[in-house]
Structures are given as structure tokens and as C-alpha cells.
Amino acid sequence: MTTELDERPVAASGVVVQGHGPAVVLAHGAAGSVAANFGPMVDGLARHYTVIAPDYPGSGAVPLGSAPLELNALADRLAATATAAGHDRFAIVGYSLGVPVAVRTAARHRNRVRSLVLTAGFAAPDPPLRLSLDLWRHLAATGDFDALARLFLLLGCDPRDLASFTPAAIEEAAAATAAAVNPGILAQADLVARADVRADLPRLDVPTLVVATDHDRLVLPENSAQLAEAIPGAELTSLPCGHLIGEPHFAAWESLIHEFLERPGPVDVARQLRHFDHHAPEFTPELAHSVHDALRETGPVVPSSAHGGLRLLTRYADVQAAMKDHTLFSSGSGVFCPRAPGTPYFAPLEYDPPLHTTYRDLMKRPFARTAVDSLRPRLDALVASLIAPLARDGGGDLVEQVAVPLPLAALGLAVGFSDDAQGRIRELTRTTWERMPKDADPDGFWPAFSELFDQEIRRAREEPGDDYLTALVHAEFDGRPVTDPELHAMLVSFAVAGHETTMNALAHLMWHLARDPELDRRLRAAPELIPAAVEETLRLWPPVDHGSRLTTRETTVAGTTIPAGTRVLLLTGAANHDPAVFNDPCTFRLDRARPQRHLSFGHGIHFCLGAHLARAELTSVLTALLRHPPIRQSGPAVRRYANGRHVGFDQLPVTMAPAVP
């Protein structure tokens, strides 16, 4: 294959080396080849890595030879291929027979393999696979490739796909499969029958991701579960497909591989420890958890020279205490760090009492529990209308189709923002987060917001309705009519905080559900666990990573003196993973005794005004999704930081398909 990327095919040895970056070696399945089993993923992975893709003897252009295939020989060949390509260290992506090949390579070349991704594999053939192999080898030995092709279709295809085939399509597929039978089909099947790496599994000491194929009838998904259980520290996930991972699922498979391989290493974490900066481009959501854990282990108060000097509070007890003590840890100078000078403050979060109290009293009405409860029928109907097209089309982008529009429409219901305002708020927010930390003044982002708010205020005054916004523009502020600048301070909080945080929490909830089939099954069987799933999502992935405060006087935290006037970052993400408070803090658990103990909504007088509405939206979406076929991630989910603290997604493509009977 030829691409614009660096490609150095070695035809004689049947190896393709393509791309740049860390090495990833591909180990294909029996009766397959690199091209047949990995398809377009070779090009996709080569955009990030050096892909080293050898065919086995008897596959592709590689002659079979006369000697039987041996697992050790294939493992050594895999390592030698990486050496020939100039790479001493490499990850291995193994598929089917490639799984025991990858495991044996890691066992025999312990210092060279840095990680493993094991898909649709086995440690040793189980009885169903042995029966299939008996028939496979008999048909291959007798040369009945038409019958063998039909066996592969029966056992390898997703039953849902096979059920949709017409008789003509079956004949066409059988003919194409028979024509593609490679010379090594019998020898490779013999190796599958002899493969046994069970003794290797407990000795593996590299990061390992095991990917089951949920609808596999050749290598049952239980084999993947057994692999994950036997390999120390291995993670288990799955793809909603049969053994033959076809075109619709390559993107999801590639995404799982890429996200796993991109997890931060110790060098990235050490760099952030030396100079923590939440606005640094390399401080990504994927890196944040590891950095937070390392900061917390470093100490309860960690200094940073970024942005004029910061102190980072890393532990739950200290973060909670700072949130509670608003007289010592003041919000009155703003919570965004840094911010363009002159940017108006967001009410009530960026005000101290008594102004905070006045603002909050005016703003809390539409978000009270009773007000949110009265909205639930309309909110549930709105959620149903957003999810229906996903079910009709068999999937879509959950960010574009649910996470973005739902919180904005909910603001329309709760506050009274017009349809035009809802349509503009998202883009204005993105511009604000992009420019606020680096601009010298707010002229590049605030005037557009101010114009929008003036339009909404004017509409509410000239065309009064029975919504909250109409009541607000006619309200009193400390015994006098509320002014337009005061209305702006409230409306910007409704507009920005009211959609951004819920949008990010929704995306994380749906992302986790799309990647965890067991969670999906458990919630369908026990929907009473939905509230716990909502809270655990908020704890694990707080939509706001941190807040900042300014000390009003000198204080001591955990034995460390913090001078007056110090900017302090309250690391919510680190606090929510504090093992002193949360057992097994990095695991999504539905059995926590106090699931609402997290600090994602804050604490004290600044506890989130919209918490009831956010929880209602998350609960409604999860409940509605569980009424439809399961969602599964079908492509890269792009996560990013906005303004150095809002953790969200740019896209979340999924499929939604009925389960196999």
C-alpha cells in the first residue's frame, strides 16, 4: 500500500513498515494476513506510530516452508522484525492467533515489549474452538474451500450481519472467502490447536488491554475475560462484533488501541510535577489523573511558579475545607486563572458575601428542587426527541446530538433563553475560554456576549412572559431595580456554567457507558443504580477540574504556610480520587456508601446552583439510553481542556444496535 506517510515495504520478507513514532507491531490471525485482519487500521495507526506489520509464513507473500509453524519461532520473528526496522522497544497488537503470538513475544523478550493489546484471542483453545478447528482442518486438508468458507462465515460473522444477508450475498461472500484462502491455512490452524500460553500470563508485567469481540462464535468472548483475569493488571473491554472485525468496527478498534497506547508515561508526569501549568498544551485530560495522583503523593500543598505563582491543594480534606471557608479563601477576585483584565465577574461564584448572597437569592429560584421536578416531564420529552434519531439511524455523534443541545435547551426551559440565544451561547463560550486566559483585555470575547444579553433583556422587558427571565429583569437588587450590568453578571453564569459543565458531564457519562458493556447490562438489570452511576461519573470525571481562590490572610494548611494574597488552586480532580476518602478511587463503582460525597459541585456557599438540574439531565439521558439498544463507541472520542479547567469532548461517535439473540 502507498500513502504520503513514510513507508518501507520489504516484499521479500512480507513486512510493511509504515509511519513515524513509537513502534507498534501487528500480529494477525490464522488464515488471515495483515491486510485482511487489520485493513485500514494500518494507515490510521501509522499517523501516530511506526507500524511494523509482518505476515506469517503461508500468508500474504510469505512462502509457507516445509516445517510446522511454532509459536516461539513466530514470537522471535516478530521481535526480529522490529529490530530490523530499527526499534528496540515496541507495543504489540495481537488478533486471534496473534494473541498467543503476542503473549509469547512478551514472555521471551521481556525488556522489549512495552505494552499489549490482545483482541479476540485465547490462551489455549477451549472445547468450542477445538471442535471448530477439527472441522476447519478436515475441510482444508480435503481442499473443500467452499465449505470452509461457509464455516468461516457462520462462525466469524456477527450473527446480526449474517441474518441480513440475501442468498445471493451469501454465495458472493462464500466465493470471495474461498478465493482468498491462503497457502498456510492448514499449518496455521494446526498451530492454533497446539498454542498454549497459560503459563506465560501470570509473568507478564507490561500494560495490557484485552478486547473481547462480543458476538464472536469462533473464539468466544469468555476467552478474553479469562485472559484479562490471568494477566496482572490487565484491562478488559469489548467490540460489538463477531470474530471477523469488519469495516464498521475498524474505527472503534483503532480508537481503543490509540487511547490505550497514548496513556501518559512517567516522563510526561514528571515534567508536570516540576512545573505544573493547567494551561500547558501537554496537560491533557488523559494526563490529568496521573498528574493529580502524583501531586497528591508529593504533598498536600504543592507550589507552582506558573501564572505568577500558585499553591495547589491536592487532598480531599484540604480542598473541602478551603471551599467551605469563604472568608479565608476568597472568590471575590475571580476563580479563573489567568483571566483577561477587565473581564466581568460571574455571579454568584465570583463574589463574596454580602453581594454573593444577594445574587444567589435572585438566581436560585429556577434551579430549586421543586422547580426542576416540575420541569421533568418536558425535560424527559426533550431527551427522548434527541435520542430518537440515534436509534433510528443506528448511531451518531453523542456530543453533537445530545451533550451540546440538551443543556442549552434545558436552559431555555428553566431560565427562558430564546432559541436564538441557545444557538449562539455555545460558540460564544468556546471563544471566551480560548481568549480569556491570554488576552490583554476582554474586547475579543465579552462584547458579543454583552450584546446577546442586552437582546435577551430587551426581549424580556418588551415581550414579558411567564418565564423566570421576565421575572428577573423586573426584580429588585438590594431594594432597588436590578441594573443591566448586574443582569449580565447573572446571565453569563446561566449561559456558560449552565451548559458547559452539564455538557461535559453528559459526554463523560455516555462515553463510559459506550465503553463498558458490563455497566450497560448491570444498569438494565437494576435501573435503581442509575443515580449511583450519575454520581460516580461526576466523581471520576469532574466537569470542572479545579477552581481558584485568593487567600485573605496568612494561613497554614497541613503544616505549610500560605501567605496572604496567594492564588490557590483547589484541585477537585485530585480530591475526588483521594484514596483516604474513596476506596479503589480510580474504579467506577456503583456500591459506594456515600455516592454524593464528591466535590464536583463544590462545597459551602458556592455549591453549584444548578446541581439539581444537572442531575436531572444526566438521569434522564441515562434512563432514555437504556430503553434503546446498547451504544458502543465507533470512533475516536476527542477529549480536551477548555480554559485549562473544563474537561469536555469535541466528538463521541457511537453505534446503537440490537443485541444478538
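Note that the structure is predicted; figures quoted are calculated from it, not measured. (Residues numbered from 1 in each chain as written. Predicted model: local features only at pLDDT ≥ 70, side-chain atom pairs only at ≥ 80, totals over all residues. Heavy atoms only, no water.)

J.: Help me understand the packing of aromatic side chains in this model?
T.: What characterises a pair of aromatic rings is the spacing of the ring centres plus the angle enclosed by the ring planes. Taken as a whole and assessed by the stated rule, the structure comprises 21 aromatic pairs. For the pair Phe283 and Tyr641, a centre-to-centre distance of 5.2 Å together with 10° between the ring planes defines the contact as stacked. Of this pair, Phe283 sits in the loop between α12 (266–274) and α13 (285–298) while Tyr641 sits in strand β19 (residues 638–642), and the two are 358 residues apart along the sequence. Judged by its relative accessible area of 16%, Tyr641 falls in the buried class. Put simply, the rings of Phe38, Tyr95, Phe250 and Trp253 pair up and form one aromatic cluster. Above the ring of Phe582, the side-chain terminus of Arg539 is found at 5.1 Å from the ring centroid. (Phe/Tyr/Trp six-rings, centres within 6.5 Å; stacked < 30°, edge-to-face > 60°. Helix = DSSP H or I, 4+ residues; strand = E, 2+ residues; numbered from the N terminus. Buried < 20%, exposed > 50% of the residue type's maximum accessible area, 1.4 Å probe, protein only. Lys NZ or Arg CZ within 6 Å of the ring centre and 35° of its normal.)

J.: For this particular structure, what's the right way to read the packing of helix α22 (residues 484–515) against helix α23 (residues 517–525)?
T.: The description of two packed helices rests on the angle between their axes and on the distance between the axes. Orientation of α22 relative to α23, taken along the N-to-C sense of each, is 100°, at an axis distance of 5 Å. The orientation of α22 relative to α23 falls into the category roughly perpendicular. Residue-level inspection shows His512, Leu513 and Arg515 of α22 in contact with α23, the latter providing Pro517, Leu519, Asp520 and Leu523. Each residue belonging to the contact of α22 with α23 can be placed in one class, and the counts come to four nonpolar, one polar and two charged. (Axes fitted to C-alpha atoms, helices over the stretch in contact; angles between N-to-C directions. Parallel < 35°, antiparallel > 145°, perpendicular 65-115°, else oblique. Contact = heavy atoms within 4.5 Å. Nonpolar A, V, L, I, M, F, W, Y, C, P; charged D, E, K, R; others polar.)

J.: I tried to follow the packing of helix α18 (residues 405–414) against helix α19 (residues 419–435) on my own but got confused; where do I start?
T.: Running from N to C, α18 and α19 point in directions that differ by 135°, and their axes come no closer than 10 Å. Put simply, α18 runs oblique to α19. Of the two elements, α18 crosses α19, and the hand of that crossing is right-handed. Of the residues in α19, those touching α18 at Leu408, Ala409 and Gly412 are Gln422, Ile425 and Arg426. When its residues are assigned to classes, the contact of α18 with α19 shows three nonpolar, two polar and one charged. (Left-handed = near helix turned anticlockwise from the far one by under 90°.)

J.: Teacher, can you tell me more about the environment of Pro100 here?
T.: Here Pro100 lies in helix α4 (residues 98–108). Linking Pro100 and Ala179, residues 79 residues apart in sequence, is a C-alpha distance of 27 Å. What Pro100 contacts, discounting residues up to four positions off in sequence, is Leu71, Phe122, Ala195 and Val197.

J.: So what exactly am I meant to see when it comes to helix α3 (residues 71–84) here?
T.: Here α3 contains 14 residues, and its C-alpha end-to-end distance of 20 Å stays within 8% of the 20 Å for a straight helix at 1.5 Å per residue. Every buried residue of α3 is accounted for by Leu71, Leu74, Ala75, Leu78, Ala79, Thr81 and Ala82. For α3, the arc enclosing every buried residue in end-on projection is 155°, short of the 170-degree limit, so these residues lie on one face. Those residues of α3 that are buried lie in contact with β1 (15–19), β2 (23–27), β3 (50–54), β4 (90–95), α4 and α9 (185–194). Trailing α3 by a residue or two, Gly86 shows a phi angle of about 90°, which is positive. (Expected span 1.5 Å × (residues − 1). Arc of directions from axis to C-beta.)

J.: What exactly am I supposed to notice about the sheet that holds strand β14 (residues 547–551) here?
T.: One key point about sheets: their strands pair by backbone hydrogen bonds, in either a parallel or an antiparallel sense. Taken together, the five strands give an open sheet; going across it, the order is β8-β9-β17-β14-β10, and neighbouring strands pair in mixed fashion. Edge positions in the open sheet fall to β8 (301–304) and β10 (329–330), since each of these has one partner strand only. Across four bridges, the pairing between strand β9 (residues 310–313) and strand β17 (residues 567–570) is parallel. Looking at β17, one finds that Leu313 is bridged to Leu570. (Pairing = 2+ DSSP bridges.)

Read these as spatial facts, not as claims about activity.
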